Amino acid sequence: MGDGDNMLQGKKIVLGITGSIAAYKSCLIIRQLIKRGAEVQVVITPSGKEFITPITLSALTSKPVISDFFSQRDGTWHSHVDLGLWADAMLIAPATASTIGKMAHGVADNMLITTYLSMKAPVFIAPAMDLDMYAHPSTQQNLRTLQSYGNHIIEPGTGFLASKLEGKGRMEEPENIVAQLEQFFSRQETLKGRKVLITAGPTYEKIDPVRFIGNYSSGKMGFALANECANRGAQVELVCGPVSASMQVVHPNIHRLNVESAQEMYETCMKLYPSMHSTILCAAVADYAPERVATQKMKRTDEDLVIRLKPNPDIAASLGKIKKEGQILVGFALETNDEEVHAQAKLRKKNFDFIVLNSLKDEGAGFRTDTNKITIISADEKKEFPLKSKAEVAKDIVDQLERL
Ligand code: PMT
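In this text the structure is predicted, and so the values were computed from the model without any measurement.

Reading guide: rules and limits
Residues numbered from 1 in each chain as written. Predicted model: local features only at pLDDT ≥ 70, side-chain atom pairs only at ≥ 80, totals over all residues. Heavy atoms only, no water. Helix = DSSP H or I, 4+ residues; strand = E, 2+ residues; numbered from the N terminus. Expected span 1.5 Å × (residues − 1). Buried < 20%, exposed > 50% of the residue type's maximum accessible area, 1.4 Å probe, protein only. Near = heavy atom within 4 Å. Polar contact = N/O pair within 3.5 Å; in protein donor to acceptor, adjacent residues only side chain to side chain. Areas by Shrake-Rupley, 256 points an atom, 1.4 Å probe, with all protein chains shown as cover. pLDDT = per-residue confidence, 0-100. Contact = heavy atoms within 4.5 Å. Pairing = 2+ DSSP bridges. Right-handed = clockwise from strand over helix to strand, strands pointing away. Salt bridge = Lys/Arg side-chain N within 4 Å of Asp/Glu carboxyl O. Domains from an automatic or database assignment. Buried area = accessible area lost by both parts, 1.4 Å probe. 1 Å grid on protein atoms, 1.4 Å probe; cavity = no way out; pocket = protein on both sides within 12 Å on 5 of 7 lines; lining within 4 Å. Points joined across faces, edges and corners; volume = space filled by probe spheres on them. Nonpolar A, V, L, I, M, F, W, Y, C, P; charged D, E, K, R; others polar. Core = buried A, V, L, I, M, F, W, Y, C linked by side-chain atoms within 4.5 Å.

### A short note on helix H9 (residues 174-187)
In a regular helix each residue adds 1.5 Å, so 14 residues correspond to 20 Å; H9 covers 20 Å between its end C-alpha atoms and thus fits that length. Considered for burial, the residues of H9 that qualify are Pro174, Ile177, Val178, Leu181, Glu182, Phe184, Phe185 and Arg187.

Following this line, the structure appears as structure tokens:
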């Protein structure tokens, strides 16, 4: 994107500053945001003030800096709720391990956290800490939690969590942070008015009241796609198999429908599909289900147990058959061998516009990981991408969708 695009003109940014040595870099962030026409309101934590003075920050932003719940001058209440409604984006830079932990767990003991919890706009977080703190499982888990809430983590490099730690911990450079905000706003309205159906997670096929046939899908890839489409303004129907309770979506553009079996997912998708502009089938759908479901818990015997399976409906192929002119259908292929041959066959058989291939041979790709490595294959092209966070992979997939 060129400098002239100026996606930040008129944007209202709440800048959260916390107690890190990198707090001085917030001044450079403010200068760059204001140069691009943004309005900046600083909210600083008590320890942030140990590193940079509110006087400097208010001089740069031409606004009083907010730190306390009540103004020290006249005792008026600072409304975090109003700030949450006012902002087009919230950026927390630098974000310490402590603030990241409080954000992940809703520990609302300062103005910055209450503002975060009331925030209606997208939130960007630029971590800043030493490498050991950054690499600690609790920090990594908190960052993953924030990412699952749809927050954007801005890190040096390609933005993976945990899988590659060199150079991590240190805050990303101010110009790159501002560039990520610009990029976000440039994509923001690109799917406005579009309806997108996304399937995510596994399906469970009941054997008896306590057992099922399932798979390892966590829903992370599908949720990342839902967040990305919603951030770009689409209205998202997220049809979700049984995923862990920690998998939450908070974006107001996302309507989540929980299902359990492939049959339920099929029926829900068939109902929604005719009114959709685009559909991305990311769920790992069981191809077979037990022919009969035992009504009582099956008892152990010393005999072999045979469970007869019947094929489930192929959701993708069914939607591919009724696809209308102008509708876009995107599928995934999860392979373990002869990846491209299988992906090409699925692309044609299921009438996809393109297919996203991921292979279990690639470390960090596929089920449960926070990263994925994909190849996008369509009838006339093939694009390979490096290992990235699922949030970044979702951007590549939705960029491709927008190109059609
Ligand atoms: O959820 P995560 O832990 O983040 O993992 C992500 C993922 C690995 C599940 C995801 O990236 C992925 O690859 N999803 C598709 C998995 C799969 O079932 O692939 P498949 O090759 O078996 O199916 C091909 C396509 O047909 C898929 O789009 C699938 O959703 C669809 N399908 C399959 C069977 C069926 N009965 N109905 C379908 O619609």
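Alright, that's what it looks like, and here's the rest.
### Description of the site of the ligand
Every one of the 27 residues lining the ligand counts as a neighbour, but Ser217, Ser218, Lys346, Asn358 and Arg368 are closest to it. Within the backbone of Ala316, one N or O atom sits 2.9 Å away from an oxygen atom of the ligand. Protein chains bury 96% of the 780 Å² of accessible surface belonging to the ligand in isolation. When residues of the shell around the ligand are traced back to their parent elements, those giving at least two are helix H10 (220-231), helix H12 (315-322) and strand S14 (328-335).

### What to know about the confidence of the model for the chain
In low-pLDDT segments, the atomic positions of the prediction should not be examined closely. In the predicted model, the chain carries a mean pLDDT of 93, and the fraction of residues at 70 or more is 94%. For the stretch residues 158-163, pLDDT sits under 50, and the model shows 19 contacts to residues farther than four places along the chain or on other chains.

### What about the pairing of strand S15 (residues 354-359)?
With respect to burial, S15 is a largely interior element, six of its six residues being buried. Residues Phe354, Val356 and Asn358 point to one face of S15 and Ile355, Leu357 and Ser359 to the other, with burial holding for every one of them. Both S14 and S15 contribute to a ladder of six bridges, which runs parallel. Pairing of Phe332 across the sheet is with Val356, part of S15. Note on the crossover from S14 through helix H13 (residues 339-349) to S15: the handedness is right-handed.

### What about the side chain of Asn227?
Its place among the elements puts Asn227 in helix H10. If near-sequence neighbours (up to four positions away) are discounted, Asn227 is found in contact with Gln147, Ser148, Gly150, Val249, His251 and Ile254.

### What about the pattern of salt bridges?
On inspection of all chains with the given rule, the structure shows 23 salt bridges. The salt bridge involving Asp399 is made with Arg187; its shortest N-O contact spans 2.8 Å. Of this pair, Asp399 sits in helix H14 (residues 390-403) while Arg187 sits in helix H9, and the two are 212 residues apart along the sequence. Of the two residues, Asp399 and Arg187, both sit in the buried class. When the shortest N-O distance is used, the salt bridge between Glu402 and Arg232 registers 3.1 Å. In this pair, Glu402 is assigned in helix H14 and Arg232 in the loop between H10 and strand S9 (235-240), connecting sequence segments 170 residues apart. With relative accessibility at 29%, the residue Glu402 sits in the partly exposed group. What you see here is one network of salt bridges that share partners, running through Arg187, Glu228, Arg232, Asp399 and Glu402.

### A closer look at the domain arrangement of the chain
According to the domain assignment, the chain consists of domain 1 (3-187) and domain 2 (195-403). Taken together, the contact pairs 12 residues of domain 1 with 16 residues of domain 2. In this assembly, domain 1 packs against domain 2 so that about 1,200 Å² is buried in total across both faces, 49% of it on carbon and sulfur atoms. On inspection of domain 1 and its partner domain 2, the count reaches two salt bridges. Counting every contact that joins domain 1 to domain 2 gives three residue pairs in polar contact (both at pLDDT 80 or more).

### Regarding empty space enclosed by the protein
In this structure the tally under the stated criterion is one cavity of 30 Å³ or more. In this structure, the largest cavity encloses a volume near 60 Å³. Forming the walls of the largest cavity are His152, Phe184, Arg187, Gln188, Glu228, Asn231, Arg232 and Lys395. Each residue belonging to the lining of the largest cavity can be placed in one class, and the counts come to one nonpolar, three polar and four charged.

### Examining the pairing of strand S11 (residues 278-281)
Sheet faces and side chains relate simply in a regular strand, where the side chains alternate between the two faces. In S11, alternate side chains face the same way, and those of Ser278 and Ile280 on one face and Thr279 and Leu281 on the other are all buried. As judged from the four bridges shared by strand S6 (residues 195-200) and S11, these two strands associate in the parallel manner. Across the sheet, residue Leu197 finds its bridge partner in S11, namely Thr279. Bridge analysis of S11 against S14 gives four bridges, and the strand direction is parallel. When the sheet's bridge partners are listed, Ile280 is paired in S14 with Val330.

### Some points on the nonpolar core
Buried together is how nonpolar side chains tend to be arranged in soluble globular proteins. Ile198, Leu225, Cys229, Val236, Leu238 and Ile397 are the most contacted members of the largest nonpolar core, which totals 34 residues. Taken together, the elements giving at least two residues each to this core come down to S6, H10, S9, S14, S15, strand S17 (374-378) and H14. Ranked by residue count, the leading element in this core is H10, at seven residues. If sequence neighbours within four positions are ignored, Cys229 has contacts with Leu191, Val196, Ile198, Ala234, Val236, Ile280 and Val398. Counting 30 residues, the second largest nonpolar core, distinct from the first, contains Ala22, Ile29, Ile30 and Ile154.

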